[in-house]
Amino acid sequence: KNEVEQSPQNLTAQEGEFITINCSYSVGISALHWLQQHPGGGIVSLFMLSSGKKKHGRLIATINIQEKHSSLHITASHPRDSAVYICAVKTSLYNNNDMRFGAGTRLTVKP
Amino acid sequence: DTGVSQNPRHKITKRGQNVTFRCDPISEHNRLYWYRQTLGQGPEFLTYFQNEAQLEKSRLLSDRFSAERPKGSFSTLEIQRTEQGDSAMYLCASSLVGGNEQFFGPGTRLTVL
């Protein structure tokens, strides 16, 4: 079993829909990241969370440390949101090699 | 652009050939990481450097793989005697020591024919 599990693996939505991507992890963490990867490979960091909730534009990320669960929400989705969204956790504050990644959720938003 | 850069962006090679990739991290970042990502999967850790010292290598890094960061700035990843199973996206990231966030480059997509 992977230490970081994401669901769903694939998600297709119509433009304007509210989208939720879930991430569960089984290890102790110091931070959780939501990353966006567009076709072509480049990865962009969307959020880094250690507790609570963060909002940036139409994106909202929440984390529940007790339940070891995080969600990424996209409001009023748009075709340009189509990408792979990856959840990654940092397992130790000082050892930067300890990043574990989920397999990603491929989001397609249709106009 | 002061982000992480990688060259080349794409590499197609024949099985058995050697390939070398380069990563230029953000200039003040002293940690540099290499990851491999296959289709439909998240990145997998290969190795990381703190300045010029290679501090950890994954079991994924076979003897055919070698990475260097000779002056603590750019890094190279060499794959010798490439195999079809080496086909993947090779990602580089950099960070500050103690920082929680890694900054990723665009990746080098390797195709071994």
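Residues numbered from 1 in each chain as written. Chains lettered and ligands numbered in written order. Predicted model: local features only at pLDDT ≥ 70, side-chain atom pairs only at ≥ 80, totals over all residues. Heavy atoms only, no water.

Focus on the overall build of chain A
Phase 1 of the analysis: Helix and strand counts for chain A stand at 0 helices and 11 strands.
Phase 2 of the analysis: For chain A, the N- to C-terminal ordering of α and β elements is β-β-β-β-β-β-β-β-β-β-β.
Phase 3 of the analysis: Its C-alpha atoms give chain A a radius of gyration of 13 Å, near enough to 13 Å, the size a compact globule of 111 residues would have.
Phase 4 of the analysis: With the C-alpha coordinates of chain A rotated into their principal frame, the extents come out at 45 × 30 × 25 Å.
Phase 5 of the analysis: Buried positions account for 45% of the 111 residues belonging to chain A.
Phase 6 of the analysis: Accessible surface computed for chain A: about 5300 Å², of which carbon and sulfur atoms make up 50%.
Phase 7 of the analysis: On chain A, the mean spot of the 11 positive side-chain charges and the mean spot of the 7 negative ones are 5 Å from each other. (Helix = DSSP H or I, 4+ residues; strand = E, 2+ residues; numbered from the N terminus. Rg over C-alpha atoms; globule rule 2.2 N^0.38 Å. Buried < 20%, exposed > 50% of the residue type's maximum accessible area, 1.4 Å probe, protein only. Areas by Shrake-Rupley, 256 points an atom, 1.4 Å probe, with all protein chains shown as cover. Lys, Arg positive; Asp, Glu negative; His and termini not counted. Charge placed at Lys NZ, Arg CZ, Asp CG, Glu CD.)

A short note on the state of the cysteines
Residue and element names in this part refer to chain A.
Phase 1 of the analysis: Tallied over the full model, the rule gives 2 disulfides over all chains.
Phase 2 of the analysis: Across the disulfide, C23 is cross-linked to C87 (sulfur-sulfur distance 2.0 Å). When the S-S torsion is -65°, as for the bridge of C23 with C87, the disulfide is left-handed. Residue C23 is located in strand β3 (residues 19-25), and its partner C87 is located in strand β9 (residues 83-90); the two are separated by 64 residues in the primary sequence. (Disulfide = S-S within 2.5 Å.)

A few points about the sheet that holds strand β3 (residues 19-24) of chain B
The strands that make up a sheet pair up through hydrogen bonds in the backbone, lying either parallel or antiparallel.
Residue and element names in this part refer to chain B.
Phase 1 of the analysis: The 4 strands are arranged β1-β3-β8-β7 in an open sheet whose pairing can be described as antiparallel. With partners counted over all chains shown, the strands left at the sheet margins are β1 (5-7) and β7 (65-68), one partner each. When the angles between neighbouring strand axes are averaged without regard to direction, this sheet yields 15°.
Phase 2 of the analysis: Of the pairings in the sheet, the one linking β7 to strand β8 (residues 75-79) comprises 4 bridges and is antiparallel in character. (Pairing = 2+ DSSP bridges. Axes fitted to C-alpha atoms, helices over the stretch in contact; angles between N-to-C directions.)

Focus: the interface of chain A and chain B
Phase 1 of the analysis: Listed by partner, the interface residues are 22 residues for chain A and 24 residues for chain B.
Phase 2 of the analysis: Run the count over chain A and chain B and you get 0 salt bridges.
Phase 3 of the analysis: Broken down by element, the residue count for the side of chain A that touches chain B peaks at 4 residues, all from strand β4 (residues 31-37) of chain A.
Phase 4 of the analysis: Considering only residue class, the side of chain A that touches chain B consists of 10 nonpolar, 11 polar and 1 charged. (Contact = heavy atoms within 4.5 Å. Salt bridge = Lys/Arg side-chain N within 4 Å of Asp/Glu carboxyl O. Nonpolar A, V, L, I, M, F, W, Y, C, P; charged D, E, K, R; others polar.)

Quick word on the nonpolar core
Phase 1 of the analysis: Among the nonpolar cores identified, the biggest contains 23 residues, and I19, I21, L32, W34, L72, Y85 and L107 of chain A are the most heavily contacted of them.
Phase 2 of the analysis: Going through the elements one at a time, β2 (10-14), β3, β4, β5 (43-49), β7 (59-64), β8 (69-74), β9 and β11 (105-110) of chain A are the ones with two or more residues in this core.
Phase 3 of the analysis: The residues touching L107 of chain A, leaving out its near neighbours within four places in the chain, are L11, I19, I74, D81, S82, A83 and Y85 of chain A.
Phase 4 of the analysis: Ranked by size, the runner-up nonpolar core spans 19 residues in total, among them V4, I26, W34 and C92 of chain B. (Core = buried A, V, L, I, M, F, W, Y, C linked by side-chain atoms within 4.5 Å.)

Some points on the sheet that holds β7 of chain A
Residue and element names in this part refer to chain A.
Phase 1 of the analysis: Taken in spatial order, the 5 strands make up an open sheet running β1-β3-β8-β7-β6, and their pairing is antiparallel. Single-partner strands in this sheet number two, and they are β1 (4-7) and β6 (52-56). Put simply, the sheet's adjacent strands are angled 15° from each other on average, direction ignored.
Phase 2 of the analysis: Relative to β3, β1 runs antiparallel, the two being bridged by 4 bridges. Looking at the pairing, E5 lines up with S24 of β3.

Focus: the packing of aromatic side chains
Phase 1 of the analysis: This model, assessed by the stated rule, comprises 8 aromatic pairs over all chains.
Phase 2 of the analysis: Relative to Y35 of chain B, the ring of F101 of chain A lies with its centre 5.2 Å away and its plane at 80°, an arrangement referred to as edge-to-face. With F101 of chain A in strand β10 (residues 99-101) and Y35 of chain B in strand β4 (residues 31-37), this pair bridges two chains. Comparing F101 of chain A with Y35 of chain B, the two get one shared label, buried.
Phase 3 of the analysis: Taken together, the ring pairs connect F101 of chain A together with Y33, Y35, F45, Y48 and F104 of chain B into an aromatic cluster.
Phase 4 of the analysis: One Lys or Arg, R22 of chain B, reaches over the ring of F74 of chain B and ends 3.9 Å from the middle of that ring. (Phe/Tyr/Trp six-rings, centres within 6.5 Å; stacked < 30°, edge-to-face > 60°. Lys NZ or Arg CZ within 6 Å of the ring centre and 35° of its normal.)

Details of the confidence of the model for chain A
Phase 1 of the analysis: Of the residues in chain A, 93% have a pLDDT of 70 or more, and the chain-wide mean is 91.
Phase 2 of the analysis: Mean pLDDT values over the elements of chain A span from 87, in β10 of chain A, up to 98, in β8 of chain A. (pLDDT = per-residue confidence, 0-100.)

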